[in-house]
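Architecture and fold: a report
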Amino acid sequence: MKSAIEQLYKWENESDNIPVTEEWKKPADKAIEILDEFRPSLNDKQERQFIEILDCECGQHAEMIRQYYKDGFKLGLMLAVETMLK
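Residues numbered from 1 in each chain as written. Predicted model: local features only at pLDDT ≥ 70, side-chain atom pairs only at ≥ 80, totals over all residues. Heavy atoms only, no water.

Observations concerning the overall build of the protein chain
On a plain count of helices and strands, the protein chain comes out with 3 helices and 0 strands. Element order for the protein chain, N to C, with α for helix and β for strand: α-α-α. Relative to its full complement of 86 residues, the protein chain shows a buried share of 7%. Counting only carbon and sulfur atoms, one obtains 61% of the accessible surface of the protein chain, whose full area is about 7,800 Å². (Helix = DSSP H or I, 4+ residues; strand = E, 2+ residues; numbered from the N terminus. Buried < 20%, exposed > 50% of the residue type's maximum accessible area, 1.4 Å probe, protein only. Areas by Shrake-Rupley, 256 points an atom, 1.4 Å probe, with all protein chains shown as cover.)

What about the pattern of salt bridges?
Per the counting criterion, the structure on display carries 4 salt bridges. Notably, a salt bridge pairs Glu33 with Lys30, separated by 3.8 Å at the nearest N-O pair. Of this pair, Glu33 and Lys30 both sit in helix α2 (residues 22–38), 3 residues apart, which is roughly one turn of the helix. For Glu33, a relative accessible area of 42% gives the class partly exposed. Take Lys30: its relative accessible area is 43%, and that puts it in the partly exposed class. Residue Glu47 is joined to Arg39 by a salt bridge in which the shortest nitrogen-to-oxygen separation is 2.7 Å. Relative accessible area serves as the criterion here: at 23%, Glu47 is assigned to the partly exposed category. (Salt bridge = Lys/Arg side-chain N within 4 Å of Asp/Glu carboxyl O.)

What about the packing of aromatic side chains?
Applying the stated rule across the entire model yields 2 aromatic pairs. On the numbers, 5.2 Å between centres and 65 degrees between planes, the contact of Phe38 with Phe50 is edge-to-face. Here Phe50 lies in helix α3 (residues 44–85) and Phe38 lies in helix α2, a separation of 12 residues in the sequence. By relative accessible area, which is 22% here, Phe50 ends up partly exposed. (Phe/Tyr/Trp six-rings, centres within 6.5 Å; stacked < 30°, edge-to-face > 60°.)

Written out as structure tokens, the structure reads:
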């Protein structure tokens, strides 16, 4: 069974109505623009390697964010307990 923190992090108890912010959309659009220009210059092997690199980077980033979320959740809980005890 997954921990409550994991369930909240993965948003398993709610719908997928997370809004896309402008702060997220701008760099995403720029990345797509650059990728559309860059990708045709790659041969098949280079494209596979490039996609593999992106997958590795995304996996590392996702794990880092998950750890930050868990640490932040635990810190918030500790702050709430500390506040109640005072």
